[in-house]
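Each chain is listed here by its residues.
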Amino acid sequence: MATNGRTVASVDPDVALAYKFPEVSFAYDERDVALYALGVGACGADAVDDKELHLVHHRDGQRHIKALPTFASLFPNKNSNGRGIVNVPGIHFDASLLLHGQQYIEIYKPIPSCASVVNKVKVAGLHDKGKATILEIETTTSLKDSGEVLCMNRSTIFLRGAGGFSDSSRPYSYTTYPANQISRISIPNSAPSAVYEDQTQQSQALLYRLSGDYNPLHSDPMVAQVAGFTRPILHGLCTLGFAARAVIKSFCNGDPAAVRNIFGRFLLHVYPGETLVTEMWVDGQRVQYQTKAKERDRAVLSGYVLLKHIPSSLSSGADNGGGRL
Ligand SMILES: CCCCCCC/C=C/C(=O)SCCNC(=O)CCNC(=O)[C@H](O)C(C)(C)COP(=O)(O)OP(=O)(O)OC[C@H]1O[C@@H](n2cnc3c(N)ncnc32)[C@H](O)[C@@H]1OP(=O)(O)O
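Since we're looking at a predicted model, the values are computed, not measured. (Residues numbered from 1 in each chain as written. Predicted model: local features only at pLDDT ≥ 70, side-chain atom pairs only at ≥ 80, totals over all residues. Heavy atoms only, no water.)

1. Topic: the packing of aromatic side chains
Consideration 1: With the rule as written, the count across this model stands at nine aromatic pairs.
Consideration 2: Where Tyr36 meets Phe71, the ring centres are 5.8 Å apart and the plane angle is 75°; that geometry is what we call edge-to-face. Taken as a pair, Tyr36 in helix 2 (residues 30-39) and Phe71 in the loop between helix 2 and strand 5 (91-92) lie far apart in primary sequence, 35 residues in all. For the residue pair Tyr36 and Phe71, the accessibility class agrees, reading buried in each case.
Consideration 3: Ring geometry for Phe263 and Tyr304: centres 5.8 Å apart, planes at 35°, overall tilted. Here the residue Phe263 occupies a position in strand 12 (residues 259-266), and Tyr304 occupies one in strand 15 (residues 298-307), the gap between them amounting to 41 residues.
Consideration 4: For Phe263, a relative accessible area of 3% translates into the label buried.
Consideration 5: Classification of Tyr304 as buried rests on a relative accessible area of 4%.
Consideration 6: Through a chain of ring-to-ring contacts, three or more aromatic side chains come together here, namely Phe26, Tyr28, Tyr36, Phe71, Phe75 and Tyr208.
Consideration 7: Stacked on the ring of Tyr177, the Lys or Arg Arg154 has its end atom at 3.7 Å from the ring centre.
Consideration 8: Sitting above the plane of the Tyr304 ring, Arg286 keeps its charged end 4.0 Å from the centroid. (Phe/Tyr/Trp six-rings, centres within 6.5 Å; stacked < 30°, edge-to-face > 60°. Helix = DSSP H or I, 4+ residues; strand = E, 2+ residues; numbered from the N terminus. Buried < 20%, exposed > 50% of the residue type's maximum accessible area, 1.4 Å probe, protein only. Lys NZ or Arg CZ within 6 Å of the ring centre and 35° of its normal.)

2. Details of the nonpolar core
Consideration 1: The biggest cluster of nonpolar side chains holds 54 residues, and the ones touching the most others in it are Tyr28, Ile111, Met280 and Leu307.
Consideration 2: At nine residues, the largest contribution of residues to this core is made by helix 5 (residues 236-251).
Consideration 3: The residues touching Tyr28, leaving out its near neighbours within four places in the chain, are Val33, Phe71, Phe75, Ile111, Pro112, Ser113, Cys114, Ala115 and Val117.
Consideration 4: Within the second largest apolar cluster, 18 residues are counted, among which are Val86, Val88, Leu135 and Leu159. (Core = buried A, V, L, I, M, F, W, Y, C linked by side-chain atoms within 4.5 Å. Contact = heavy atoms within 4.5 Å.)

3. Details of the UniProt feature "domain: MaoC-like" (unreviewed entry) in the protein chain
Consideration 1: Here the UniProt-annotated "domain: MaoC-like" (unreviewed entry) positions come out as residues 188-298.
Consideration 2: Taken as a whole, residues 188-298 contains 24% helix and 29% strand, while its terminal C-alpha atoms sit 17 Å from one another. (UniProt positions renumbered as here; feature names shortened; annotations may be inferred.)

4. Re the confidence of the model for the protein chain
Consideration 1: Confidence along the protein chain averages 92 in pLDDT terms, with 92% of residues attaining 70 or more.
Consideration 2: Low pLDDT (under 50) marks residues 316-325, which in the prediction has 27 contacts with non-local residues, meaning those over four places away or in another chain.
Consideration 3: Reported for the predicted complex are a pTM of 0.94 and an ipTM of 0.98. (pLDDT = per-residue confidence, 0-100.)

5. Points about the pairing of strand 12
Every regular strand shows the same layout, with side chains that alternate between the two sheet faces.
Consideration 1: Most of strand 12 sits inside the fold, with six of its eight residues counted as buried.
Consideration 2: Note: strand 6 (residues 98-107) against strand 12, five bridges, orientation antiparallel. Across the sheet, residue Tyr104 finds its bridge partner in strand 12, namely Phe263.
Consideration 3: Sheet topology places strand 12 next to strand 15; seven bridges connect them, and they run antiparallel. Across the sheet, the residue bridging to Phe266 is Leu301, located in strand 15. (Pairing = 2+ DSSP bridges.)

6. Focus: the site of the ligand
Consideration 1: Close contacts around the ligand come from 23 residues, with His100, Lys129, Lys131, Gly236 and Phe266 the closest.
Consideration 2: Backbone polar atom of Gly236 to an oxygen atom of the ligand: 2.9 Å apart, as the coordinates give it.
Consideration 3: One nitrogen or oxygen atom from the side chain of Arg265 is found 3.3 Å from a nitrogen atom belonging to the ligand.
Consideration 4: Looking at the shell around the ligand, the elements with two or more residues in it are strand 6, strand 9 (149-160) and strand 12.
Consideration 5: If you tally residues by element for the shell around the ligand, the top one is strand 6, at five residues.
Consideration 6: Taken together, the residues of the shell around the ligand break down into eleven nonpolar, nine polar and three charged. (Near = heavy atom within 4 Å. Polar contact = N/O pair within 3.5 Å; in protein donor to acceptor, adjacent residues only side chain to side chain. Nonpolar A, V, L, I, M, F, W, Y, C, P; charged D, E, K, R; others polar.)

7. Section: the pattern of salt bridges
Consideration 1: Throughout the structure, instances matching the rule amount to ten salt bridges.
Consideration 2: Lys249 is paired through a salt bridge with Asp49; the nearest N and O atoms lie 2.4 Å apart. Here Lys249, found in helix 5, pairs with Asp49, found in the loop between helix 2 and strand 5; they are 200 residues apart in sequence, far enough to count as distant. Across the pair, exposure class does not vary: Lys249 and Asp49 are buried alike.
Consideration 3: Taking the shortest distance from any N to any O, the salt bridge between Glu138 and Lys122 comes out at 3.9 Å. Highlighted residues: Glu138 in strand 8 (residues 132-143) and Lys122 in strand 7 (residues 115-128), separated in sequence by 16 residues.
Consideration 4: According to the relative accessible area criterion, Glu138 is buried, its value standing at 11%.
Consideration 5: By relative accessible area, Lys122 is classed as partly exposed at 38%. (Salt bridge = Lys/Arg side-chain N within 4 Å of Asp/Glu carboxyl O.)

Next comes the structure, spelled out in structure tokens:
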């Protein structure tokens, strides 16, 4: 329903939870993998960076370009034809007020540099926060031929202005996954094990969107203003890609296959052109991180990256590498 061109928000949880999403098939290739890596800043400071060139180029005769694990975060875009918005019957909201809240990614196999895959999609959570509704969409992606499961993305979408649908005294809250699966991030008081600084470009969102999220919030000044921003903002998943790269460079010697899980909560919008400073703390195989927009000295993202292992030589601190402070 729309009044004055704006949708009046309404949520019918029974209808939303009963919805069976269609499976979505698609294919990608090395060009997509390399374009994504450039979109999240790989080789942005050094075109011959020896920890990143393999993400965009067949370096030293390597057979395949290596996919960053966060390349997997693009797969749910295919559920919405690249509009950056997901359609769930029973949930009506003003699309201009949608923000990405969190992303959780489990990687079961190193992401191939080209593949034909299938997405299975479901609602994994629905929460009434009064001023907003939080919708969690789970997308499990498998190789089309073998059926082997590659990864799972849980995308948390914050629908501003769409809350208050609970008709009981308790706010509505529904989740399909265990409460301990995503732990709260508390940033340690100690000095970080490593700090990595990255300059985003003014054109960062315009480049990143070519990887498949064409939501005009990231490119159209008028749409950004209606959403409450002075200019188009960076895709949350682009910021997450920068943060995960910082971890991979600092603790995995640039090896993208070293990552098992990634979590991030988007705390504040990022404007393209801002400098991202990622502070990292090692805790066993988990690297906790917090990313700040340097110019505003504000935290914009926090989360963790779970690694398969941390080389013992690095467990008390980061590898030396370009970009470290
Ligand atoms: C199938 C895939 C579709 C994907 C679609 C992706 C479309 C992409 C869009 C973007 O990329 S937008 C850019 C990236 N995102 C952002 O820039 C958002 C940055 N964050 C914020 O602006 C704020 O954090 C917020 C989301 C507006 C929330 O701030 P607010 O002050 O309104 O919240 P609180 O009052 O602190 O908390 C209320 C309630 O909500 C919970 N919560 C708060 N922040 C988040 C969050 N980021 N993710 C999830 N949940 C959040 C918070 O815990 C409170 O709940 P209770 O604790 O009270 O239960």
